[in-house]
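# Fold and contact review
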Amino acid sequence: MTSSELGLGATLRAWRDRLDPAGAGLPVTRRRRTAGLRREELAELAGISVDYLVRLEQGRAATPSAGAVAALARALQLETTERDHLYRLAGLQPPAPAVIEDTVPPGVQRLVTRLGDVAVAVFTADWRLAWWSPTWAALLGDPAAVAPEQRSLVRARFPVPGQAGQVEAWPVQSSSLEASNRAIVADLRRASVRYPTDTRLVELLQRLIAGNATFAALWRGAEVSQHTEDRKTVEHPVVGDIHVDCDVLSTGDSDFRIVALTSPPGSEDARRIDRARQRLVADAAAV
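Throughout this description, residue numbers start from 1 for each chain and increase along the sequence as written. Predicted model: local features are reported for residues with pLDDT of at least 70 only, side-chain atom pairs are reported and counted for 80 or more only, and whole-chain, interface and lining totals are derived from all residues. Processing note: side-chain calculations cover all non-hydrogen atoms of the structure and skip hydrogens and water entirely.

As annotated in an unreviewed UniProt entry, the chain is Helix-turn-helix domain-containing protein from Deinococcus rufus.

Dropping the structure here:
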């Protein structure tokens, strides 16, 4: 049975047993009969009483304070996922991350780079473009020349005078724009709860609510929407219109969004994507 299948007390015992005393900065003697930390050692590291730790592990105290859980998480050297699990076992909300992460996690990076010639991009929790494939640049225009703060799908979709964003170099039409807008606003609403102190997000929301009537109406509506498959038409200036399916994937706790634009293999649209990619490569070689 894993710790995720256990209650608070059993999980604390399991994590205490697995922690190496030397790794916790404790002296190691030959007379230790079991691996892991003793109760009194963990209690001292966490700054709580041994009696309280015993009651927690035996299930006689099931509602520790947030301060006690934070101290135990530090003493047990828990990673973020395990720390959050410990908070939830104690009936508490895990601490919110301080700021939105802009660096694409290694696992997500490995995944998207293995998608070959797919037009794919990775967006942050506030829908800022963080990474894109060469085919994405060929299909929609290379965002490299755009300042990072302007690579905002939200600012492009809900423009405020003097503060519009850009993630597409030429027009892209959507078959379900209203549903897509609702889903993006719902994403931002979730992000505002998860990152309540992120200055960039707070300022973005304030500007959009004050400066874009469509966004303000969707925000007041407090709808909860999910991303659905969208059909888009890219008005490419070189190869002509390209019809693509747009799929949005979530990366879970890291809060990144993976957006993939694809056409059926062998279709005229797929051939036009190939020609756009070849044109980008030729232009780069000519520089």
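### Topic: the layout of surface pockets
Space left empty within the atom packing is revealed by a probe, the size of a water molecule, rolled over the atoms. Cavities and pockets were defined on a 1 Å grid built over protein atoms only: a cavity is a set of grid points that admits a 1.4 Å probe from which the probe cannot escape, a pocket is an open set flanked by protein on both sides within 12 Å along at least five of seven lines, and lining residues are those with an atom within 4 Å of any such point. Grid points are joined across faces, edges and corners, and a volume is the space filled by probe spheres set on the points. Considering only enclosed or pocket space, the largest pocket measures out at about 470 Å³ in volume. Surrounding the largest pocket, 29 residues form its lining, Leu153, Arg157, Glu168, Ser180 and Lys232 being those nearest its centre. Secondary structure elements follow DSSP: runs of H or I no shorter than four residues count as helices, runs of E no shorter than two count as strands, and numbering proceeds from the N terminus. For the lining of the largest pocket, the secondary structure elements donating two or more residues are helix 7 (134-140), helix 8 (153-157), strand 3 (172-174), helix 9 (177-194), strand 4 (230-236), strand 5 (240-250) and strand 6 (257-262). It is helix 9 that contributes the most residues to the lining of the largest pocket, 5 residues altogether. Polar here means any residue outside two lists: the nonpolar Ala, Val, Leu, Ile, Met, Phe, Trp, Tyr, Cys and Pro, and the charged Asp, Glu, Lys and Arg; Gly therefore counts as polar. Classifying every residue of the lining of the largest pocket by side-chain character gives 16 nonpolar, 9 polar and 4 charged. The computed volume of the second largest pocket comes to approximately 240 Å³.

### A word on the pairing of strand 4
Think of it in three bands: residues with accessible area under 20% of the maximum for their type are buried, residues over 50% are exposed, and the middle band is partly exposed, with areas taken using a 1.4 Å probe on protein chains only. With 5 of 7 residues buried, strand 4 is to be regarded as a mostly interior element. Across 3 bridges, the pairing between strand 3 and strand 4 is antiparallel. Note on strand 4: the bridge partner recorded for Gln173 is Thr233. In the sheet, strand 4 pairs with strand 5 via 7 bridges, with the strands oriented antiparallel. Bridging from a neighbouring strand, Arg231 pairs with Asp245 of strand 5. By definition, two strands form a pair when at least two bridges between them are found by DSSP. Taken together, strand 4 and the strand that follows it, strand 5, pair antiparallel across an intervening segment of 3 residues.

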